[in-house]
Amino acid sequence: MITLKEATSKTEIKQFVKFPFTLYKGSPYWVPPLIGDEMDTFDKEKNPAFKTARMWLFLAYKSNKIVGRVAAIINTLEVEQQKIKKMRFGWCDFIDDFEVSKVLIDKVTELAKTEKMDHVEGPIGFSNLDKVGVLTEGFDSLGTMVTWYNHSYYQSHYEQLGLKVEKVYVENSMPTANADPSFFVRINEMVKKRYSLREVNVQNKKELLQYVDPMFDLLDLTYSGLASYAPISSEQREYIKNRFMSFVDPEFIKFVVDKNDRLVAFAVVLPSFAEALQKAKGNFFPFGWYHLLKARKNCDRAIFYLIGVHPDYQNKGVTAIIFNQYYKTFNKRGVTTGVRTPELSDNIAARQIWKHVQPTVHKRRCTYRMEVS
């Protein structure tokens, strides 16, 4: 028999956070989060996402042992401003037992009815900067710190429960050897001259900080037209800024500005911390910090986390300026592979950005939807 309990105490929330460490123990592809960071994510006093969202955490038990978990989320900005009555669900993990997954999803749909939502969708987090999607292809490929990993049986469980595919995402791998530097050099100079643009390469975090807020503004402009996009509050911006600053290498952040120094394009790339996080085993201390610091200084794999181009400059070759700078940086730092985090498969503008680096799809994932009657 499966029993369900809402995780509300600090001890229960920590059990919620640590369940995947048991479920994926020994997996060479799962990238564990830092336990402290995950605890902060679910802390209403620390995470400003709770100012515009409500969340419920549930644990499933079998024979007094935790066998599953799920988070149910209502993004109030999405519901009130976009008029989308959606109950999100995320952080959804379970053993290969249909009874367990059913109890979890049934609880989400039951809660959605109580809260007068008309459908559920997941796995997704609070906003578009959170992890998204259940992995459907690429189980034998190393994950990243900004994506969820899951066992291959998840997909069949969701489909048996009657959920339907809502959005499909792809993740690309791009060997730097695929890039043609002569193309980027030529287009880079032409585009800069035609539109009076220039690249900005920040040298330290102090220089980086002055571009962070304009970057978030541009992010809104770039992605607001997508159906899946939910606004990010000013408080969330600060939280994200503080949370990721320790992982950011200023040399891996690129900006393009116009003649008035207005930001028109940016890209945020993170060194791959996957192997370092596996070695840290969820703990920053006593040795996790060392593995992370070492990975930041020496990495052959880089993660393209975010890229944004002002609508006025899309499809005008502006990304050639960014890629030209990354080609130089990657050669200098010994990066041999670029990895793109999940992007919607029907996002044509995104596909156009990457076409000149010959990306190959190495993972696919999707979100699932169920109507609530």
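Given the structure is predicted, the values throughout are model-derived calculations rather than measurements.

A word on unusual backbone geometry. In this model, G122 is joined to P123 through a cis peptide bond whose omega is 0 degrees. For the bond from F285 to P286, the omega torsion is 5 degrees, close enough to zero to count as cis. Relative to the assigned elements, P286 resides in the loop between α9 (274–280) and α10 (288–297). Even without a glycine there, the phi angle at K83 is positive, about 60 degrees. One can find K83 in the loop between α3 (76–81) and β4 (86–94). Here K83 falls in the exposed class, since its relative accessible area comes to 66%.

Looking now at the packing of helix α6 (residues 181–195) against helix α11 (residues 319–333). At a minimum axis distance of 8 Å, the contact between α6 and α11 shows a crossing angle of 135 degrees. One finds that α6 runs oblique with respect to α11. The chirality of how α6 crosses α11 is left-handed. Taking contact as the criterion, the partners of P181, F184, V185, I187, N188, V191 and K192 in α6 are, on α11, A320, I321, F323, N324 and Y327. Along the lines of polarity and charge, the residues of the contact of α6 with α11 split into nine nonpolar, two polar and one charged.

Calculation notes
- All residue numbers here refer to positions counted from 1 along the written sequence of the relevant chain.
- Only residues with pLDDT of at least 70 are given local features in this predicted model, and only at 80 or more are side-chain atom pairs given and counted; all residues enter the totals for whole chains, interfaces and linings.
- Each side-chain value is derived from all of the structure's non-hydrogen atoms; neither hydrogens nor water enter the calculation.
- What counts as a helix is a DSSP run of H or I of at least four residues, what counts as a strand is a run of E of at least two, and both are numbered from the N terminus.
- Throughout this description, buried means an accessible area under 20% of the type-specific maximum (1.4 Å probe, protein chains only), exposed means over 50%, and partly exposed covers the range between.
- Note on geometry: axes are C-alpha line fits, over the in-contact stretch for helices, and angles between N-to-C directions span 0 to 180 degrees.
- Put simply, angles under 35 degrees are roughly parallel, angles over 145 are roughly antiparallel, angles from 65 to 115 are roughly perpendicular, and the rest are oblique.
- The hand of a helix crossing depends on one turn: near helix anticlockwise from the far one by less than a right angle means left-handed, and clockwise means right-handed.
- Contact between two residues is taken to exist if any of their heavy atoms lie within 4.5 Å; hydrogens are not considered.
- Residue polarity follows a fixed list, in which Ala, Val, Leu, Ile, Met, Phe, Trp, Tyr, Cys and Pro are nonpolar, Asp, Glu, Lys and Arg are charged, and the others, Gly among them, are polar.

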